Amino acid sequence: MPRSVFTDAYSIVLKTLLEAREAAGLTQIDLAARLDRPQPFISKVERGVRRLDIVEFYAWARAIGEDPAALFARIAKKLPKKVDI
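Below you will find a few notes about this structure. Please read these numbers as outputs of a predicted model, since none were measured by experiment.

Rules and cut-offs
Note that residues are indexed from 1 along each chain, following the sequence as it is written. Local features in this predicted model are restricted to residues of pLDDT 70 or higher, and side-chain atom pairs are both shown and tallied only at a pLDDT of 80 or more, whereas totals for entire chains, interfaces and linings draw on every residue. To get the side-chain values, take all heavy atoms of the structure and skip hydrogens and water. Working definition: rings of Phe, Tyr and Trp (its six-membered ring) pair if their centres are within 6.5 Å, and the pair is stacked with planes under 30 degrees apart, edge-to-face with planes over 60 apart, and tilted otherwise. Here a helix means four or more residues in a row that DSSP labels H or I, a strand means two or more in a row labelled E, and each is numbered from the N terminus. For every residue, the accessible area (1.4 Å probe, protein chains only) is compared with the maximum for its type, and the residue is labelled buried under 20%, exposed over 50%, or partly exposed between those bounds. Cation placement over rings: the criterion is NZ of Lys or CZ of Arg within 6 Å of the ring centroid and within 35° of the ring normal. Counted as salt bridges are all cases of a side-chain nitrogen of Lys or Arg within 4 Å of a carboxyl oxygen of Asp or Glu. Helix axes are fitted only over the stretch in contact, all axes being lines through C-alpha atoms; the angle between N-to-C directions runs from 0 to 180 degrees. Working rule for angles: under 35 degrees goes down as roughly parallel, over 145 as roughly antiparallel, 65 to 115 as roughly perpendicular, anything else as oblique. Handedness of a helix crossing follows the sense of rotation of the near helix relative to the far helix, less than a right angle counterclockwise being left-handed and clockwise being right-handed. Only heavy atoms matter for contacts: two residues are in contact if any of them lie within 4.5 Å across the pair. Polarity classes work like this: nonpolar for Ala, Val, Leu, Ile, Met, Phe, Trp, Tyr, Cys and Pro, charged for Asp, Glu, Lys and Arg, and polar for all others, with Gly in that last group.

Observations regarding the packing of aromatic side chains
All told, the structure shown has 1 aromatic pair when counted by the stated rule. On the basis of an interplanar angle of 90° and a centroid distance of 6.4 Å, the ring pair of Phe57 and Phe72 is categorised as edge-to-face. Pair noted here: Phe57 is in helix α4 (residues 54-63) and Phe72 is in helix α5 (residues 68-78), with a separation of 15 residues, a long-range link. Note on Phe72: relative accessible area 46%, which makes it partly exposed. One Lys or Arg, Arg37, reaches over the ring of Phe41 and ends 3.9 Å from the middle of that ring. Over the ring of Tyr10 we find Arg51, and its NZ or CZ is 5.5 Å from the ring centre.

A look at helix α3 (residues 39-47)
All of the buried residues in α3 are Phe41, Ile42, Ser43, Val45 and Glu46. Residue Gly48 follows α3 closely and has a positive phi angle near 85°.

Considering unusual backbone geometry
With glycine set apart, most residues show a phi of negative sign, and most peptide bonds adopt trans. At Asp36, a position not held by glycine, the phi torsion is positive, near 55°. Here Asp36 is to be found in the loop between α2 (28-35) and α3.

Some details on the pattern of salt bridges
If you walk through the whole model with that rule in mind, you get 5 salt bridges. A salt bridge links Lys15 to Glu19; its shortest N-O distance comes to 3.7 Å. Here Lys15 pairs with Glu19, and both are found in helix α1 (residues 8-23), just 4 residues apart, close to one helical turn. Classification of Lys15 by relative accessible area gives exposed; the value is 53%. Judged by relative accessible area, which is 34%, Glu19 ranks as partly exposed. Ionic pairing is found between Glu56 and Arg50, a salt bridge with its closest N-O pair at 2.8 Å. Classification of Arg50 as partly exposed rests on a relative accessible area of 27%. Residues joined in a network through salt bridges with shared partners are Lys15, Glu19 and Lys78.

Thoughts on the packing of α2 against α3
Here α2 crosses α3 at 110°, and the two axes come no closer than 8 Å. In terms of orientation, α2 lies roughly perpendicular with respect to α3. In the packing of α2 onto α3, the handedness of the crossing is right-handed. Where α2 approaches α3, its residues Gln28, Ile29, Leu31, Ala32 and Leu35 are matched on the opposing element by Gln39, Ile42, Ser43 and Glu46. Across the contact of α2 with α3, the residue classes tally to 5 nonpolar, 3 polar and 1 charged.

So, in structure tokens, the structure goes:
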């Protein structure tokens, strides 16, 4: 079984996070500053090298001006009924 960071489902999560950041008009540098993290952290997350935990997801959503529950709901709508974990 593949690790979820390499699944199609996780790719949907990453694509949605990237789209949300860009829709907010933020660069990776902008988001990194809001999260008090280095820019490579943002890059690694968006490329699937580093995974976000739920608390980091919450902070990420807030930092881009999104409601975390609404952002997760958008992701969930795109995911297949069954996902590999």
